[in-house]
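Chain and residue survey
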Amino acid sequence: MEHYTPQRRRSFKIKTKFGSARQWRSRKNPPCDACRRRKTACIIETAPPCRFCRSKGQTCIYTDGDPHRRASREVPESDQDTTDSTSLEAGYTDNSLLLSPAIESDSFLVASPIAQVASPNDRRASAVGSQTSPATYNLTSTPLSDSGPTVDTLEDNYNRTAHSVGLAGEQDTDLLASFRSVITNERDGISADVVQATGGDLETTAFPVHFNLLMDEFQPADDAAKHRISEKVEAMVSPHAATLVRLFFKHVHPVYCVVSKVRFLQGYRDDKLKIPASLRAAVYGLGSTFWQHDPDTQGALQFDLHNLFEAAQSSLQRELHAPNLWTIQTSLLLLYERPADNATIETPRTWVFSSRTVACAQMVGLHRESSTWHLVREEKSLRKKLWWATYMSDIWSSVCHGNPPLVYSGSYTTTQPAAEDLAFDEEVPGDLQDMVDISSRTVDISTSARFLEMVKLSRILHELIDSYFLDSSYQHSINQPQLRESKLLKIRQELETWSSLVPNCVTMAYTTDATTFRNNAPLNLAYFAVQALLFRALMSPAKMSAKSDPTSTLCRHFDLAVNEFQKFTRFMDRINQACLHAFWGGHARSQLTLCGNFLIYLFLLAPSPAQVHAAFELLGSFHESLQRLRGWADDDASLALLRPVALRIDSFFLHAAHIMRNGMAGTQAPAP
């Protein structure tokens, strides 16, 4: 048998040049000295420093003929070229797997051993410092894998945005648990990377979670527009920008703490133009609504609030190309833009914008439980808080028009926040305290309590809507009255339990601190709105024939409803000028309208003369409160809050005497 001697494959050399973009395992451009000595991947995204040198805070250079290279342990460069070429022809390299060509020309998808987002407990010691301030988010990151992204945050990666990869995404998440994907562009630079937040655990049925880490590259026209809007916003609010920020955290934040306070203040102090223009405009705009009633303000604001919010929306439209946690905060704030002066019914724009917020929150993965992710604790807390703020905006915006909520029980795994999740970014450090009012400098337990109790109340509301107020639920339950009533009574018990356990610091009875007292009204109003919907479900179907049937649910629950809404009229009577001019949020209008309409509902469906009288007394008391509040409403925000319900009650009283004289038969009652 003739002996076969394999021929050595013809070698070739690649002309190289250091300093250009360099993808992982690239032979086109040489690695820097540090990566060459360590024999690790050298990834240059656009220009030096490479990813490793940047993480270490060291100089990234290339020296031809590095003396530290030991020839005795190296394979000749020609052999390396041969090996790499042969491996690629076979479809793999020693540490990577060529999966498929990308759509773009000269781009491809490469997978390599996955790099996790580094855990703060497990990461290696960094050359530029081992501790950072949780409040400022100035993170020092060290890789678990030198060939992968060197981050322990999904939010603070320079010029990068992290987007959640769902289970039905373009790549299988179980495969990504073992192999990392990189997409390169035509310029041989990295357009998208994949980082792993958690590898999952089959024993606990936890699945791997990954994020696409995208290079923030947008159309030049969009970048120019954002820059132009940013300058316009600052010009509009000058010279009152700092005062408007202070007013926001004094009046809005205690009721609606969705902005990461210290993080925002730190960024604003360092370079406010790095905070998205949409968020700055939203903060300025909501803060400006309290200019008239704050004793520390002087002069008058010269800008048009509508124009400021329009600038915020215009900038946000472009920022949605790369949503992040700033984007979510902006979207949540813009839901509370002041409505038009002639608004009598909640505009559908509220529901549409709430839907946009849900989509952005899912895009950045807020709907997924992050407690086991390799992220700094502060970021986990912020993500959890923003998800539940999104959840609440979804459920209450759906109620404005009676639409089914977009978020449902199977669409999220994020657990409810704890008090520490809400307090982590509230303690303002000394160097930032001059930017906020004295009441805003420390953690306020009542602020956290309002948020947590609103989450609990919103979950009860969600259960109520799912049980009765969806088309399918109504059709399913209407022919099973006993089962429906049993389920609704269980929800009523949950609501009573919530009311009995709610902390005293968020009730209307808490009068020790006038500032705290005035901020409690929105939460209490939301409670009565849930009550109104619950009794509407319990007393259904609301038909005239039910008035004469003592066994009907209408008759059996009527007196209970009247007793509960006597508490509502007492609540309205306790609202003083400070409460009226406090921050109520955008959903208070529809909540107040729900309650007002329910009082009309009780009057029109009262089964007996005595019950008619009791219901009319409720309406009279509510009408008196509205008249008193309208006399105090000397600003656009308070007028917008009261106008929709006041018009309905006024319209009713125009017809009430005629209705009572002639009875309900053959009388067309005004539409509530």
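All values reported here derive from a predicted model rather than from experimental measurement.

**Description of the overall build of the protein**
- Helix and strand content of the protein: 23 helices and six strands.
- Partitioning the intrachain contacts of the protein with sequence separation of at least 6 by distance along the chain shows that 73% fall at a separation of at least 24.
- Within the structure as shown, the protein displays about 30900 Å² of accessible surface, and the carbon and sulfur contribution to it stands at 52%.

**Considerations on the packing of aromatic side chains**
- As enumerated under the stated definition, the model contains 31 aromatic pairs in all.
- When the ring of Y468 is compared with that of F469, the centres are 4.9 Å apart and the planes differ by 90 degrees; the resulting orientation is edge-to-face.
- When its relative accessible area of 24% is taken as the criterion, F469 is described as partly exposed.
- Measuring from centroid to centroid gives 5.7 Å for F603 and F616, while their planes differ by 50 degrees, and the two rings are tilted. With F603 in helix α21 (residues 588-605) and F616 in helix α22 (residues 609-632), this pair connects stretches of sequence that are 13 residues apart.
- The class for F616 is partly exposed, based on a relative accessible area of 27%.
- By way of ring pairs, the aromatic residues W498, Y527, F528, F535, F565, F568, F571, F598, Y601 and F622 are connected into one cluster.
- Directly above the ring of F353 sits R356, whose terminal nitrogen or CZ lies 4.2 Å from the centroid.

**Examining the packing of helix α19 (residues 553-574) against α22**
- For the pair α19 and α22, interaxial distance at closest approach is 10 Å and the crossing angle is 15 degrees. Relative to α22, α19 is oriented roughly parallel. Handedness of the crossing formed by α19 with α22: left-handed. Along its contact with α19, which presents F558, D559, V562, F565, Q566, F568, T569, M572 and D573, the element α22 presents Q611, A614, L618, S621, F622, S625, L626, R628 and L629.
- Class assignment of the residues belonging to the contact of α19 with α22 gives a composition of ten nonpolar, five polar and three charged.

**Considering helix α7 (residues 261-271)**
- Of all eleven residues that make up α7, eight are buried, and the element is covered over most of its length.
- Listed in full, the buried residues belonging to α7 are K261, V262, R263, F264, L265, Q266, G267 and Y268.
- The elements touched by buried residues of α7 are α6 (241-252), α8 (277-288) and α10 (325-334).

**Structural notes on the nonpolar core**
- Judged by nonpolar contacts, the single largest core of 145 residues is most densely connected at F264, L333, F568 and L602.
- Residues within four places of L333 in sequence aside, it is in contact with F248, Y256, V258, V259, L279, A282, V283 and L286.

**Observations concerning the state of the cysteines**
- Within this structure, the stated rule accounts for zero disulfides.
- Here C42 is not disulfide-linked; the sulfur of C32 is the nearest cysteine sulfur, at 3.9 Å.
- We classify C42 as buried; its relative accessible area is 1%.

**Focus: the pairing of strand β6 (residues 209-215)**
- Burial runs high along β6: five of the seven residues are buried.
- In this structure, strand β3 (residues 160-165) lies alongside β6, joined through six bridges in antiparallel fashion. Its bridge partner being in β6, V165 is matched across the sheet by H210.
- For strand β5 (residues 190-198) and β6, the ladder comprises six bridges, and the chain directions are antiparallel. Note that in β6 the partner of Q196 across the bridge is H210.

**Section: the environment of D193**
- On the secondary structure map, D193 appears in strand β5.
- Taking the C-alpha atoms as reference, D193 lies 4.7 Å from V182; in sequence the two are eleven residues apart.

**Brief notes about the side chain of H557**
- Mapped onto the elements of the fold, H557 is located in helix α19.
- Residues in contact with H557, not counting those within four places in the same chain, are E485, L489, F535, L538 and M539.

**Thoughts on the pattern of salt bridges**
- Applying the stated criterion across every chain, the model contains 22 salt bridges.
- Put simply, R492 and E564 hold a salt bridge, and the shortest N to O gap is 3.4 Å. With a gap of 72 residues between them, R492 in helix α16 (residues 481-501) and E564 in helix α19 connect regions that are remote in the sequence.
- According to the relative accessible area criterion, E564 is buried, its value standing at 10%.
- The network of salt bridges with common partners includes R492, E496, E564 and K567.

**A closer look at the environment of Q531**
- Inspection of the secondary structure assignment puts Q531 in helix α18 (residues 521-538).
- When the C-alpha positions of Q531 and E564 are compared, they lie 8.2 Å apart, and in sequence the two are 33 residues distant.
- Look past the residues within four positions of Q531 in its chain and what remains in contact with it is L495, E564 and F565.
- Only 2.8 Å separates the side chain of Q531 from the side chain of Y527, close enough to count as a polar contact.

**Overview of helix α5 (residues 220-237)**
- A rise of 1.5 Å per residue sets the reference length of α5, with its 18 residues, at 26 Å; its end C-alpha atoms lie 26 Å apart and thus fit the reference within 8%.
- Burial in α5 covers these residues: D222, A225, I229, S230, V233, E234, M236 and V237. Viewed along the axis of α5, the buried residues span an arc of 165 degrees, placing them on a single side of the element. Looking at α5, the residues exposed on the side facing more than 90 degrees away from the buried face are P220, A221, H227, R228 and A235.
- Its buried side turned inward, α5 meets α6, α8 and α9 (305-319).

**Description of the confidence of the model for the protein**
- For the protein, the average pLDDT comes to 81, and 79% of its residues sit at 70 or higher.
- Within the protein, the element-level pLDDT minimum falls on strand β1 (residues 97-101), averaging 29, and the maximum on α8, averaging 98.
- Considering only residues more than four positions removed or in separate chains, one finds that residues 66-131, a stretch of pLDDT under 50, has 140 contacts.
- Taken as a whole, residues 665-672 scores under 50 in pLDDT and shows twelve contacts with residues more than four places along the chain or in a different chain.

**Side note on the environment of K385**
- Inspection of the secondary structure assignment puts K385 in helix α12 (residues 377-401).
- The class for K385 is buried, based on a relative accessible area of 1%.
- In sequence terms K385 and A418 are 33 residues apart; their C-alpha atoms lie 9.1 Å from each other.
- Not counting residues within four places of it along the chain, the set of residues in contact with K385 comprises C257, V258, V259, L422 and F451.

Cut-offs used in this document
- Along every chain, residues carry numbers that run from 1 in the direction the sequence is written.
- Per-residue local features are limited, in this predicted model, to residues with pLDDT of at least 70; the limit for side-chain atom pairs, both in listing and counting, is 80 or more; totals at the level of whole chains, interfaces and linings are taken over all residues.
- Only hydrogens and water are set aside when side-chain values are computed; all heavy atoms of the structure are taken into account.
- Secondary structure elements are defined from DSSP: runs of H or I of at least 4 residues count as helices, runs of E of at least 2 residues count as strands, and each element is numbered from the N terminus.
- The contact rule is simple, with two residues in contact once any of their heavy atoms fall within 4.5 Å.
- Each accessible area is a Shrake-Rupley result for a 1.4 Å probe, and residues are judged covered by the shown protein chains and nothing else.
- Side-chain rings of Phe, Tyr and Trp (the six-membered ring for Trp) are treated as a pair once their centres are within 6.5 Å; stacked means planes under 30 degrees apart, edge-to-face means over 60, and tilted covers the remaining angles.
- Buried means the residue's accessible area, taken with a 1.4 Å probe over protein chains only, is under 20% of the maximum for its type, while exposed means over 50%, and partly exposed covers the values in between.
- For a lysine, the NZ atom is tested; for an arginine, the CZ atom; a charge sits over a ring if that atom is within 6 Å of the ring centre and within 35 degrees of the ring normal.
- Simply put, an axis is a line fit to the C-alpha atoms, just over the touching stretch for a helix, and the angle between two N-to-C directions goes from 0 to 180 degrees.
- Any angle that falls under 35 degrees is termed roughly parallel, while one over 145 is termed roughly antiparallel, one within 65 to 115 roughly perpendicular, and all others oblique.
- For a crossing to be left-handed, the near helix must be turned anticlockwise from the far one by less than a right angle; the clockwise case is right-handed.
- Gly is put with the polar residues, along with every residue not named as nonpolar or charged; the nonpolar set is Ala, Val, Leu, Ile, Met, Phe, Trp, Tyr, Cys and Pro, and the charged set is Asp, Glu, Lys and Arg.
- Remark: nonpolar core denotes a set of buried residues (Ala, Val, Leu, Ile, Met, Phe, Trp, Tyr, Cys) joined through side-chain atoms within 4.5 Å.
- Any cysteine sulfur atom paired with another within 2.5 Å is treated as part of a disulfide.
- Only when DSSP finds a minimum of two bridges between them are two strands counted as paired.
- Note on definitions: salt bridges are taken to be side-chain nitrogens of Lys or Arg within 4 Å of carboxyl oxygens of Asp or Glu.
- Pairs of N or O atoms within 3.5 Å make up the polar contacts considered here, provided that, within protein, one atom can donate a hydrogen while the other can accept it, and that residues adjacent in sequence are counted only when both atoms are side-chain atoms.
- Between the first and last residue of a helix there are one fewer steps than residues, each counted as 1.5 Å, and that sum is the expected span.
- To be clear, the arc concerns the directions from the helix axis to the C-beta atoms.
- Per-residue confidence from the predictor is reported as pLDDT, which spans 0 to 100.

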